[in-house]
Amino acid sequence: MSAEFDGRSGRQGKISQWLRGRRPKQAADDGGREALLLAAAGAGLPLAPAAHPAPGYRCSCDRVGCPTPARHPVSFAWQTQSTTDRAQIERWARHQPQANFVTATGMVHDVLDVPLEAGREALERLLGSGVEVGPVAESDDGRMLFFTLTRGTPEDEDEWWPCELDCHPETMDEHPGLRWHCRGSYVLVPPARLPGDGQAVRWVRGPEHPLPDPLSLLEILTDASARHVGAETGHAAAAWPLRR
């Protein structure tokens, strides 16, 4: 398998080809935003509407000092609201043309969320090693998102934990390494806009790629993230714990 960064071994998926060189704002203007959202839902990612940027680096929620502008759901019921239903997503996309969308994790898929540079390094290593990598997105706020199958609901609840911390992205600075979004968490799904000129979340590898087992990616992602954080802090850094 080729180790080329964007996973371009053989024929690319149509979505990845379409994405190359385009920004989410352009996609929204020509109808591509809706097509990409439907493609994500078609791949099994449950979606719900989210806030979007407002003038002056503010959030459309109008909360004074919103800690996560344009990065959070608009409804407190986002977990039950999240859906893959095509008709519902079409209605949301057309009635809320500026809205970002989140995908709820822990239902069908999880997301391994790592620093951008660590993610790029890990992606190259994974592809070079012949590991099957699923959808991957990158965010201009410095993170890379690896979409995987969910861990599901185990019989022994003591071995698992809900992502309560990941529901509050303002705590990101306290945990700059790998973060595992599972039950109770969400991430923005491309195409999404962030505050700032041209800031966005976009697909590197589109949702046409099958979701892999998270454990097949974990070792390389953990290693890259720990070394990235260690280089920034000047000492070795522990990755996100896998058990509590």
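Numbering of residues starts from 1 in every chain and runs along the sequence as written. In view of the model being predicted, local features appear only for residues whose pLDDT reaches at least 70, and side-chain atom pairs are presented and counted only at 80 or more, with totals across whole chains, interfaces and linings using the full set of residues. With hydrogens and water excluded, all non-hydrogen atoms of the structure serve as input to the side-chain values.

Caption draft 1: Local environment of the pairing of strand β4 (residues 100-104). Accessible area is worked out with a 1.4 Å probe on protein chains only. A residue is then buried under 20% of its type maximum, exposed over 50%, and partly exposed in between. Numbered from the N terminus, helices here are DSSP runs of H or I no shorter than four residues, and strands are runs of E no shorter than two. The buried fraction of β4 is high, at five of five residues. Burial along β4 is two-sided: Asn100, Val102 and Ala104 and Phe101 and Thr103, pointing in opposite directions, are all buried. Bridging between β4 and strand β9 (residues 186-189) involves four bridges; their strand directions are antiparallel. Looking across to β9, one finds that Val102 is bridged to Leu188. A pair of strands is labelled paired if DSSP reports no fewer than 2 bridges between them.

Caption draft 2: A look at the state of the cysteines. In what follows, a disulfide is any cysteine sulfur pair within 2.5 Å. Applying the stated criterion across every chain yields a total of zero disulfides. Cysteine Cys61 is unpaired, with the sulfur of Cys59 as its nearest cysteine sulfur at 3.5 Å. Under the relative-accessibility criterion, Cys61 is labelled partly exposed at 34%.

Caption draft 3: Focus on the packing of aromatic side chains. Pairing of aromatic rings covers Phe, Tyr and Trp, the last counted by its six-membered ring, and requires centre-to-centre distances within 6.5 Å; plane angles under 30 degrees mean stacked, over 60 mean edge-to-face, and any other angle means tilted. Inspection of the entire model under this criterion finds three aromatic pairs. Taken together, a centroid distance of 5.2 Å and an interplanar angle of 55° make the contact between Phe147 and Trp203 tilted. Here the residue Phe147 occupies a position in strand β7 (residues 143-149), and Trp203 occupies one in strand β11 (residues 200-205), the gap between them amounting to 56 residues. With relative accessibility at 5%, the residue Trp203 sits in the buried group. Above the face of the Trp180 ring, Arg151 is positioned so that its terminal group lies 4.5 Å from the ring centre. By the criterion adopted, a ring carries a charge over it if an Arg CZ or a Lys NZ lies within 6 Å of its centre and within 35 degrees of its normal.

Shape is all these values report; function is a separate question.
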